[in-house]
Amino acid sequence: MNINSFMPVKVISEENCVINSSKIFKNFGKRCLVVTGGSSAEKSGALSDCLQALDKENITYTVFSGVEPNPSTKTCYNAGVKARETDAEFIVGIGGGSPLDAAKAVAIFAANPDFQHDSVYVRAVPSAHLPLILIGTTAGTGSEVTGVSVLTNSDTGLKKSISGADCYAEISFCDYRYTCSVPKAVTVSTALDAFAHAVEAYLASSANELTFVYSEKAISLLKDFILNINTFDGTLTDKEREQLYMASLFAGFAINISGTDFPHTLGYYLTENHNIPHGRACATFMPCLLERAKKYCPERLGAIENILDCNSEKLTEIIKQAADVNIKLTEAQAQQISARWKNGVKNFDRSPGGFTFIDCVEALKAL
Ligand code: NAP
Ligand code: ZN
């Protein structure tokens, strides 16, 4: 028996939940900093609902907007300074994975005036942090329910995650209506991310009885979208949006326990150097993951094929076309890129069959 788990976030997931549950904001103070990306917080309707809820409860706020995709440590640091300058007592993050992950770091920076932008990687878990409320607007990362924040180190340009008890929100508001404005390309990439989470969690050696249930639910919710992803015309019904968002949260519950596999680690390289969005970057390495699963855990792969009613060869073709990454690397380049992970990574260790430095070089060469 293994149902080991920890997920302390209070999830509130009904339509209109931000306004209906506005009283909850009051539990965290009278002043807050609202952290957003570019324009998505407004476009999605989440920002105006949030500000309406704060006004209703007489909470004053400052909005820090402009968190970039794959948020940098310096942006988060600057927002942390802003939180202190405005005496914020709590942080609200609104957006896709980027602003949500940024808000997690902002809550830490705000409570640690002696931190430099990269001190956030020096982990004393749990570090001091302000209370955090998240409002998701993409159906992908599941950051609403994970204790992980993925940040780009402003000095090196490299993506690196932090995790721990201080990276969980107190409250996550999950209203699928905010995902309805997500454009076609982002819908594709974020759905691939959710699918990658569900599959990687399912195939990881760290999977347990609970993550199997979460992954299976996520995969079945994603089935129709993924199998038809290459003819997706950008339109979805509300019901379909709700289904994708629910899938992303179930996949988030799964990776929160088991973590992800090597595709997530290698995907960072594609995002950092070739500007490939996170979901497509991770999906690029899924064919290699499926190949390894065939060899090292065929019964788990078979279970995924059964849920999808699609064999892994066909799935590989679908994912390759959807990820749409055409980059060729030489042996020397693959060696050089892989060197970064030479001392081992947890994602490699829990991948099917383990995943060595040599496997990593081969996977990059096979792109
Ligand atoms: P994102 O980077 O948050 O957003 C991608 C784009 O979609 C942005 O241009 C954003 O606009 C736009 N957008 C977001 N919501 C929208 C909406 N409702 N309507 C219209 N446009 C919208 O994308 P993401 O895939 O959700 O997050 C990716 C990040 O999450 C990566 O850094 C990845 O490493 C991380 N991640 C974290 C976890 C975790 O557990 N914490 C897991 C997986 C991935 P704006 O710029 O205006 O916001
Ligand atoms: Zn991901």
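Just so you know, these numbers come straight off a predicted model, no measurement behind them.

A.B. asks: Would you mind going over the coordination of the zinc ion (ligand 2) with me for this structure?
C.D. replies: When a metal holds four donors in a tetrahedron, each ideal angle between them is 109.5 degrees; when it holds six in an octahedron, the ideal angles are 90 or 180 degrees. With distances of 2.0 to 2.2 Å, the protein atoms coordinating the zinc ion (ligand 2) are D193 (OD), H197 (NE2), H264 (NE2) and H278 (NE2). Each of the 4 donor atoms around the zinc ion (ligand 2) contributes to a set of angles spanning 84 to 170°, which defines the coordination as irregular. Going along the chain, you hit the donors of the zinc ion (ligand 2) in the pattern D-x3-H-x66-H-x13-H. With H197 in helix α7 (residues 184-203) and H264 in helix α10 (residues 262-274), the pair connects residues that are 67 residues apart, well separated along the chain.

A.B. asks: Honestly, the pairing of strand β7 (residues 159-163) in this entry has me stumped. Any pointers?
C.D. replies: For a regular strand, side-chain orientation follows a simple rule: the groups alternate between the two sheet faces. Bridge count between strand β6 (residues 148-152) and β7: 5 bridges; the pairing is antiparallel. The partner of T152 across the bridge, within β7, is K159. Connecting β6 to the antiparallel partner β7 that follows it, the hairpin turn spans 6 residues, and G157 within it adopts a positive phi of roughly 75°.

A.B. asks: Any chance you could explain the pattern of salt bridges here in plain terms?
C.D. replies: For side chains of opposite charge, pairing can occur when their charged atoms come near one another. Within this structure, the stated rule accounts for 11 salt bridges. When the shortest N-O distance is used, the salt bridge between K294 and E291 registers 3.7 Å. Placement of both K294 and E291 in helix α12 (residues 286-296) is noted, with a separation of 3 residues, approximately one turn of the helix. By relative accessible area, K294 is classed as partly exposed at 35%. With relative accessibility at 48%, the residue E291 sits in the partly exposed group. Here R292 makes a salt bridge to D359, at a shortest N to O gap of 3.4 Å. Linking R292 in helix α12 with D359 in helix α17 (residues 357-365), this pair joins segments that are 67 residues apart in sequence. One network of salt bridges, with partners in common, ties together D49, D175 and R177.

A.B. asks: Would you take a moment to explain the sheet that holds strand β2 (residues 31-36) for this structure?
C.D. replies: Two strands in a sheet stick together by hydrogen bonds in their backbones, pointing the same way (parallel) or opposite ways (antiparallel). The sheet built from 6 strands is open, its strands ordered β1-β8-β5-β4-β2-β3 with parallel pairing. At either margin of the open sheet sits one strand with a lone partner, and together these are β1 (10-12) and β3 (60-64). Each strand axis lies, on average, 20° off the axis of its neighbour in the sheet, ignoring direction. Alignment of β1 against strand β8 (residues 171-173), held across 3 bridges, turns out to be parallel. Looking across to β8, one finds that K10 is bridged to I171.

A.B. asks: What exactly am I supposed to notice about the site of ligand 1 here?
C.D. replies: For ligand 1, the set of nearby residues contains 30 residues, the closest of which are S39, S40, S98, T138 and T146. Contact distances for ligand 1 include 3.2 Å between an oxygen atom and a side-chain N or O atom of N70. Between D101 and ligand 1, the recorded distance is 2.8 Å, taken from a side-chain N or O atom to a nitrogen atom. Among the elements of the structure, α6 (97-110), β6 and α7 are those that each provide at least two residues to the shell around ligand 1. For the shell around ligand 1, the leading source of residues is α6, giving 5 residues. Grouping the amino acids of the shell around ligand 1 by side-chain chemistry returns 8 nonpolar, 18 polar and 4 charged. Each of domain 1 (10-179) and domain 2 (184-365) accounts for three or more of the residues forming the shell around ligand 1.

A.B. asks: Which parts of the structure should I look at to understand unusual backbone geometry?
C.D. replies: With the exception of glycine, most residues fall at negative phi, and the peptide bonds are largely trans. Although it is not a glycine, N58 adopts a positive phi angle of roughly 55°. Mapped onto the elements, N58 comes out in the loop between α4 (46-56) and β3. With a phi close to 55°, N70 is a non-glycine residue in the positive phi region. Along the polypeptide, N70 turns up in the loop between β3 and α5 (73-85).

Reading the values: the criteria
- Residues numbered from 1 in each chain as written.
- Chains lettered and ligands numbered in written order.
- Predicted model: local features only at pLDDT ≥ 70, side-chain atom pairs only at ≥ 80, totals over all residues.
- Heavy atoms only, no water.
- Donors = N, O, S within 2.8 Å, 3.2 Å for Na, K, Ca; no water.
- Tetrahedral: all angles 85-135°; square planar, octahedral: opposite > 155°, others 65-115°.
- Helix = DSSP H or I, 4+ residues; strand = E, 2+ residues; numbered from the N terminus.
- Pairing = 2+ DSSP bridges.
- Salt bridge = Lys/Arg side-chain N within 4 Å of Asp/Glu carboxyl O.
- Buried < 20%, exposed > 50% of the residue type's maximum accessible area, 1.4 Å probe, protein only.
- Axes fitted to C-alpha atoms, helices over the stretch in contact; angles between N-to-C directions.
- Near = heavy atom within 4 Å.
- Polar contact = N/O pair within 3.5 Å; in protein donor to acceptor, adjacent residues only side chain to side chain.
- Nonpolar A, V, L, I, M, F, W, Y, C, P; charged D, E, K, R; others polar.
- Domains from an automatic or database assignment.

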